[in-house]
Structures are given as C-alpha cells and as structure tokens.
Amino acid sequence: MKDLTEFLDINGIPHAARRASDITTFKVGGPCTVVYPGSERELISVVDECVDSGIKFVVLGCGSNVLFRDSGYDGAVILTQSLNTVRVEADTVYAGCGAPLHTICRAAYDAGLSGAEFAYGIPGSLGGAVFMNAGAYGGEMKDIVSSVTAYSVADRRTVTLSREECGFGYRHSVFEDNAFIVLSASLRLSRGDKAEIRALMDDLINRRKTKQPLNYPSAGSTFKRYPGRYTGQMIEEAGLKGFTVGGAQVSEKHAGFVINKGGATSEDILNLIDHVKAVIKEREGIDIECEIRVID
Ligand SMILES: Cc1cc2nc3c(=O)[nH]c(=O)nc-3n(C[C@H](O)[C@H](O)[C@H](O)COP(=O)(O)OP(=O)(O)OC[C@H]3O[C@@H](n4cnc5c(N)ncnc54)[C@H](O)[C@@H]3O)c2cc1C
C-alpha cells in the first residue's frame, strides 16, 4: 500500500484511513484505505496503479449493498462519490457513476421525465445500480439504461455499451463478469405529468417506510429472490423473524432484511445468514443466494 499512498500523494488524489463501518450502510467492517478520485481520469489512474502494483481494489458508490469483514480490507476502496454530475437533455438523463439515485430521480422529476421513479428510495449510486441492475416495484435499471460508458480493467480502455451489450439479468450485468468499472450512463426516459411522477415517488417512499426497517443499518434485501418465490416470505414462514446472532437480526418488520441492531460484527451477520440459508435448505430443499456482496 506504500506505493499507492505515494502515487496518490504525488498526484494530489485524496485518500484516508477509515473504517468500512463508516462508509457502508450496514455500519460494519474494519479498517481500510479509502481513495476519493475527483474525475474519471483520476479513477482510471488509481485503478491502473493498483493493477500495476498488485494492490487489491474495489470500486464503491454508496456502499449500500456490501458487507466488509471485521478484519477490514487489505487494499484500496475507491469511492466514486465525487463523480456525481447529472445533466438532462431532452428525454435523456446523463449521470456520473457516483451520482446518487435520488438525485437522478429528482432531476428527472424536475424535467418532467418519467421512468426512473422506481429507483427513488434505493440508497445507491448510478454505478452500483447499473452493476447490480438494481430494481424495485416492477422497474429495473435495464428498463431505462440506454448506454453505459465503462472502463475495461483488462484492456485498459474505455468502452461504450448499448443496453443490449450490458447483459442485464436479475441483479446481474456484464460489468460483474468482466471487471468493468462503470463511469457514467445515459438513461432514456419519457415525458410525463409532473404531478403524477411526484405522486408515484412519494407513494414508493411511503411503501418503503411502512414495510422496511429503515431505522436500522442494513444493506437492503439480504437474499436474492428465488425464482417464483419471495425469499422474505419463506424466511418468515420458517419462523426466523427476529432471529438474532450477536448484534445481527432478521428484521421483525421485513424478514428479507438482516439488520444491524447495534454493534453487529460482520461475523454475526455472516453466521446469521448461514443459519437462515441452512433452515431454508432444510425446509424447502433450495439454496437461497445472497444479494449483498461480501468484500474480501
Ligand atoms: C434500505 C435499503 C434499501 C434497498 N432497496 C433496494 C431495492 O429496492 N432494490 C435494489 O436493487 N437494491 C436495493 N438496495 C441495495 C442497494 O442500494 C442497491 O443494490 C444499489 O444499487 C447499490 O448501489 P451502491 O452505489 O450503494 O453500490 P455499492 O454497495 O457501493 O456497491 C455494490 C457493488 O457494485 C459495485 N460497484 C459500485 N459502483 C461501481 C462502479 N462505478 N463500477 C463498477 N462496479 C461498481 C461494487 O464493487 C459492489 O460490488 C437497498 C439497500 C438498502 C440499504
């Protein structure tokens, strides 16, 4: 890491020793080095430097779908929060990878554009949402992405992919498979009635407040949907609501969420997840998969 620190200092790229618990919505995880590139050029230069120096790295947006270990992360955590431009032209929103989804949704609303409402309330960045093909209430990023500009780490070049080339599937994209870093994307929306757009955004936020344990740290739905089944419902039917390991708990409000009740360790959360998986396997005979990503 010494090489990287020198590189960052020489190039004036901000960085800091932090704890993963300070930069993730789960509020869990040990020490790590966080890098804050201020431009796409800086982001790419940091990634290239990590590859050249054999330093592990992970690119994060809002840290709302990840779980770090208690031991921390022995590499560079590259946060995209400064790459947050949002611009609207005609019926298209152009956004940088670090732009929060709520900022994008508000910009779309201001311009009278409909289609992004489903994403209002997902506490992630554009980059994380494209990477995960985030979705809610019947909408997914794949429905609105028209193209994505990404950096291919292996080829060291920037490419622009059409929606079809993004390989979107349920909580999946080509960016996961091919070590691409999402730099920006254009979202194609359609003209709508501002009052109706606002009403839908407000309705979706209210539904979240009613159904989700938003007063506790979490990373959202812990498990992916099993084809044709609601995982939260299976967990509830197994009597696991409120099941607790240390500071981690299957939310009493929504069994699909594992929450940090206070002082949870990463180990608590992972042990709880293992228990839930084992119970569902025994009851239903199926393997449920995590939606949250463990950063090793
Ligand atoms: C309360 C709550 C509610 C949620 N509700 C929903 C929901 O309704 N629907 C849903 O889909 N998700 C939901 N989530 C999960 C999460 O918010 C989304 O998956 C979101 O899209 C993640 O974005 P992020 O910027 O936080 O990604 P991060 O957590 O920072 O990263 C997630 C993954 O994306 C990768 N990544 C991030 N940025 C980039 C980039 N620029 N290039 C390449 N890879 C990148 C990371 O390496 C990591 O593997 C919820 C989470 C919480 C806490």
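Details of the structure are given in the entry above.
Summary of the structure given here. (Residues numbered from 1 in each chain as written. Predicted model: local features only at pLDDT ≥ 70, side-chain atom pairs only at ≥ 80, totals over all residues. Heavy atoms only, no water.)

A few words now on the overall build of the protein chain. Helix and strand content of the protein chain: nine helices and 19 strands. Over its C-alpha trace the protein chain gives a radius of gyration of 19 Å, about what one expects of a compact globule, namely 19 Å for 296 residues. Structurally, the protein chain occupies a C-alpha span of about 55 × 50 × 30 Å along its principal axes. Going through the 296 residues of the protein chain one by one, you find that 50% of them count as buried. Put simply, of all contacts in the protein chain between residues at least 6 apart along the chain, 63% involve residues at least 24 apart. For the protein chain, the exposed area adds up to about 13,300 Å²; of that, 47% sits on carbon and sulfur atoms. (Helix = DSSP H or I, 4+ residues; strand = E, 2+ residues; numbered from the N terminus. Rg over C-alpha atoms; globule rule 2.2 N^0.38 Å. Buried < 20%, exposed > 50% of the residue type's maximum accessible area, 1.4 Å probe, protein only. Contact = heavy atoms within 4.5 Å. Areas by Shrake-Rupley, 256 points an atom, 1.4 Å probe, with all protein chains shown as cover.)

Turning to the sheet that holds strand 2 (residues 31-35), a few remarks are in order. Within the open sheet, the four strands sit side by side as 1-2-5-3. Their pairing is mixed. Each edge of the open sheet is held by one strand with a lone partner, namely strand 1 (15-19) and strand 3 (57-60). With direction set aside, neighbouring strand axes in the sheet form an average angle of 30 degrees. Note: strand 3 against strand 5 (residues 76-79), four bridges, orientation parallel. Looking at strand 5, one finds that Leu60 is bridged to Leu79. Across the sheet, helix 3 (residues 40-53) is in contact with strand 2, strand 3 and strand 5; its angle to strand 5 comes to roughly 165 degrees. (Pairing = 2+ DSSP bridges. Axes fitted to C-alpha atoms, helices over the stretch in contact; angles between N-to-C directions.)

This brings us to the site of the ligand. Surveying the vicinity of the ligand reveals 34 residues, the closest of which are Val59, Gly61, Ser64, Ser125 and Gly135. Here an oxygen atom of the ligand sits 3.4 Å away from a polar atom, N or O, in the main chain of Ala129. When residues of the shell around the ligand are assigned to their parent elements, the largest contribution, five residues, is made by helix 5 (residues 126-132). Taken together, the residues of the shell around the ligand break down into 18 nonpolar, 13 polar and three charged. (Near = heavy atom within 4 Å. Polar contact = N/O pair within 3.5 Å; in protein donor to acceptor, adjacent residues only side chain to side chain. Nonpolar A, V, L, I, M, F, W, Y, C, P; charged D, E, K, R; others polar.)

Turning to the packing of aromatic side chains, a few remarks are in order. According to the stated counting rule, one finds two aromatic pairs in the structure shown. Judged by centre distance (6.0 Å) and plane angle (85 degrees), the rings of Phe68 and Tyr73 are edge-to-face. Each of the two residues, Phe68 as well as Tyr73, counts as buried. Look at Phe175 and Phe180: their rings are 5.7 Å apart centre to centre, the planes differ by 70 degrees, and that puts the pair in the edge-to-face class. (Phe/Tyr/Trp six-rings, centres within 6.5 Å; stacked < 30°, edge-to-face > 60°.)

Read across the open sheet, the four strands follow the order 15-18-17-16; overall the sheet is antiparallel. For this open sheet the edge positions go to strand 15 (218-221) and strand 16 (244-245), each flanked by a neighbour on one side alone. With two bridges joining them, strand 15 and strand 18 (residues 257-260) adopt antiparallel strand pairing. Its bridge partner being in strand 18, Ser218 is matched across the sheet by Ile259.

Bringing the pairing of strand 12 (residues 157-162) into the picture now. Looking at chain direction, strand 11 (residues 145-152) and strand 12 are connected through six bridges and run antiparallel. Within strand 12, the residue paired with Ala150 across the bridge is Val159.

The tally for this structure, following the rule as stated, stands at 16 salt bridges. We note a salt bridge from Glu291 to Arg171, for which the minimum N-O separation is 3.4 Å. Pair noted here: Glu291 is in the loop between helix 9 (266-284) and strand 19 (293-295) and Arg171 is in the loop between strand 12 and helix 6 (174-177), with a separation of 120 residues, a long-range link. Using a relative accessible area of 10% as the deciding quantity, one classes Arg171 as buried. (Salt bridge = Lys/Arg side-chain N within 4 Å of Asp/Glu carboxyl O.)

What follows deals with the side chain of Ser64. Position of Ser64 among the secondary structure elements: in the loop between strand 3 and strand 4 (66-68). There is a polar contact of 3.3 Å between the side chain of Ser64 and the backbone oxygen of Pro123. Apart from the residues within four sequence positions on either side, Ser64 is in contact with Thr25, Pro123, Gly124, Ala219 and Gly220.

Here we come to the packing of helix 4 (residues 101-110) against helix 7 (residues 194-211). Viewed as axis vectors pointing N to C, helix 4 and helix 7 meet at an angle of 155 degrees, and their least axial separation amounts to 9 Å. By the angle between their directions, the pair helix 4 and helix 7 is classed as roughly antiparallel. For the pair helix 4 and helix 7, contact is made by Cys105, Arg106, Tyr109 and Asp110 and by Lys194, Ile197, Arg198 and Met201, respectively. Of the residues contributing to the contact of helix 4 with helix 7, the split by class is four nonpolar, no polar and four charged. (Parallel < 35°, antiparallel > 145°, perpendicular 65-115°, else oblique.)

Everything listed is a geometric property; what it means functionally is a separate question.
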